[in-house]
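So the chains spell out like this:
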Amino acid sequence: MNPPPKKMQRRKTIYGCNRFSVSFIKVFLEGRPILPYNKTGRQTTFWRDSMDRPITTLFMLMSVDGKISTGATDDLDIDKDFPKIAGVREGLHQYYEIEQTTDLWSLNSGRVQAKLGVNTKEMPDKTPVSFVIIDNDHLNKNGVLYFCSLAKEFVLITSNANHPAFDVDESNLHIIRQNGPSLKEALAELKSEYGCERITIQSGGTLNSLFLYEKLFDYIDIVIAPVLIGGKDTPTLIDGKSLLSESELSKIGVLKLQECMVLKKSYLRLRYKVIH
């Protein structure tokens, strides 16, 4: 079951505000973007915390025991397997409906997308969503072309100088070449070079752990399916290296609950703000 394409969001922005206007103060205090034009005619964004990267939201579907896959092999996957399970499939549509309201920039990993079959799929219709894929060796040329066809803008982040994307000539394909992985630098470039102000992250547990430990999550938005999966090798929401000493406790993400929604068919939606 393939998720439906995301719909374009309506965003409230204010243009040409006077410096000391009531509207400016109201929007500033609410932490919403203000988009005046600079001397070059391009819009610039000012945030209360002067962030040099996009606002990030981790948006995932998981089981009650925190699993984001149905097993430890690439043949097992929530998107493919949940529609087959009675008591789970009936409410699954709610996750995809919520997904349609997420940001117009989406970040994922090449491994997850290869697992979903993009390397062999036919070309999809264009959507208003821009995609960022972090990948070194999981996408083939068909997978790259798939995202060029699907995305408004497609940004590939890689440290592989021989990635198939370098052989693709598409106007909406952009490549960020890194000598070593740096999520912070990549996010900063997404904002400064491509105008990405907010981005939804839907990657695997290992990549999620890098975002966590580098303090790059701003919000967490989780849909919990009424199911227990188990398995110590089954991917969870946050995987990666375990903490080994008290000195590493600062890496833990502390959250403040913003909303708890009881959905239909025993599903839950939990929304948090990351405190630190």
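Residues numbered from 1 in each chain as written. Predicted model: local features only at pLDDT ≥ 70, side-chain atom pairs only at ≥ 80, totals over all residues. Heavy atoms only, no water.

Things to note about the overall build of the protein chain
Here is step 1 of the chain: A count of helical and extended segments in the protein chain gives seven helices and nine strands.
Here is step 2 of the chain: Taken across its 276 residues, the protein chain has 45% of its residues classed as buried.
Here is step 3 of the chain: Within the protein chain, contacts between residues at least 6 apart in sequence are counted, and of these 63% link residues at least 24 apart.
Here is step 4 of the chain: Summed over all atoms, the accessible surface of the protein chain reaches about 15300 Å², with 53% contributed by carbon and sulfur. (Helix = DSSP H or I, 4+ residues; strand = E, 2+ residues; numbered from the N terminus. Buried < 20%, exposed > 50% of the residue type's maximum accessible area, 1.4 Å probe, protein only. Contact = heavy atoms within 4.5 Å. Areas by Shrake-Rupley, 256 points an atom, 1.4 Å probe, with all protein chains shown as cover.)

So, helix α5 (residues 141-150)
Here is step 1 of the chain: Within α5, seven of the 10 residues are buried, leaving the element largely enclosed by the surrounding structure.
Here is step 2 of the chain: Restricting attention to buried positions, one finds in α5 the residues Gly143, Val144, Tyr146, Phe147, Cys148, Ser149 and Leu150.
Here is step 3 of the chain: Contact partners of the buried residues in α5: α4 (110-115), β3 (130-134), β4 (154-158) and β5 (173-177).

With respect to the side chain of aspartate 221
Here is step 1 of the chain: Here aspartate 221 shows up in strand β7 (residues 219-224).
Here is step 2 of the chain: In terms of polar contacts, aspartate 221 uses its side chain to reach the side chain of arginine 269, at 2.6 Å.
Here is step 3 of the chain: If we skip the residues at most four places from it in the chain, aspartate 221 touches Thr57, Leu58, Phe59, Met60, Arg269, Leu270 and Arg271. (Polar contact = N/O pair within 3.5 Å; in protein donor to acceptor, adjacent residues only side chain to side chain.)

Structural notes on the packing of aromatic side chains
Here is step 1 of the chain: By the definition in use, this model includes six aromatic pairs.
Here is step 2 of the chain: An aromatic cluster is built from Phe131, Tyr146, Phe147 and Phe154, whose rings are joined through pairwise contacts. (Phe/Tyr/Trp six-rings, centres within 6.5 Å; stacked < 30°, edge-to-face > 60°.)

Notes on the nonpolar core
Here is step 1 of the chain: One finds Leu107, Val132, Leu190, Phe211 and Phe217 to be the most contacted residues of the largest nonpolar core, which totals 29 residues.
Here is step 2 of the chain: At four residues, the largest contribution of residues to this core is made by helix α6 (residues 183-194).
Here is step 3 of the chain: With 17 residues, the next largest nonpolar core counts Val118, Phe147, Leu150 and Phe154 among its residues. (Core = buried A, V, L, I, M, F, W, Y, C linked by side-chain atoms within 4.5 Å.)

Notes on helix α7 (residues 205-213)
Here is step 1 of the chain: Regarding α7, the residues found buried are Gly205, Leu207, Asn208, Ser209, Phe211 and Leu212.
Here is step 2 of the chain: Packed against the buried residues of α7 are β1 (55-62), β2 (105-109), β3, α6 and β6 (198-201).

Quick look at the sheet that holds strand β9 (residues 268-274)
Consider a sheet: its strands pair through backbone hydrogen bonds, and that pairing is either parallel or antiparallel.
Here is step 1 of the chain: Read from one edge to the other, the open sheet built from nine strands follows the order β5-β4-β3-β2-β6-β1-β7-β9-β8, with strand pairing classed as mixed. Each edge of the sheet is formed by a strand with only one pairing partner; in this case those strands are β5 and β8 (255-262). Taken pair by pair, the neighbouring strands of this sheet meet at an average axis angle of 20°, ignoring direction.
Here is step 2 of the chain: The pairing of β7 with β9 spans six bridges and is antiparallel. (Pairing = 2+ DSSP bridges. Axes fitted to C-alpha atoms, helices over the stretch in contact; angles between N-to-C directions.)

Quick word on the confidence of the model for the protein chain
Here is step 1 of the chain: The pLDDT averaged across the protein chain works out to 87; a share of 82% of its residues lies at or above 70.
Here is step 2 of the chain: Low pLDDT, under 50, characterises residues 7-49; the predicted model gives this stretch 60 contacts beyond four residues in sequence or across chains. (pLDDT = per-residue confidence, 0-100.)

A short note on the environment of leucine 104
Here is step 1 of the chain: Note on placement: leucine 104 falls in the loop between α3 (93-99) and β2.
Here is step 2 of the chain: Sequence separation of leucine 104 and cysteine 196 is 92 residues, and the distance between their C-alpha atoms is 8.8 Å.

Details of the pairing of β7
Here is step 1 of the chain: Counting buried positions along β7 yields five of six residues, so the element is predominantly enclosed.
Here is step 2 of the chain: When β1 meets β7, the two strands line up parallel, connected through six bridges. Each residue of the ladder has a partner; that of methionine 60, found in β7, is isoleucine 222.

Topic: the pattern of salt bridges
Here is step 1 of the chain: Going through the model one piece at a time under the given rule, you end up with 10 salt bridges.
Here is step 2 of the chain: Between arginine 111 and aspartate 74 there is a salt bridge, with the nearest N and O atoms lying 3.0 Å from each other. Here arginine 111 is found in helix α4, whereas its partner aspartate 74 is found in the loop between β1 and α2 (78-81), with 37 residues between them in sequence.
Here is step 3 of the chain: Close ionic contact of lysine 84 with aspartate 81 constitutes a salt bridge, the shortest N to O distance being 3.7 Å.
Here is step 4 of the chain: For lysine 84, a relative accessible area of 61% corresponds to the exposed category. (Salt bridge = Lys/Arg side-chain N within 4 Å of Asp/Glu carboxyl O.)

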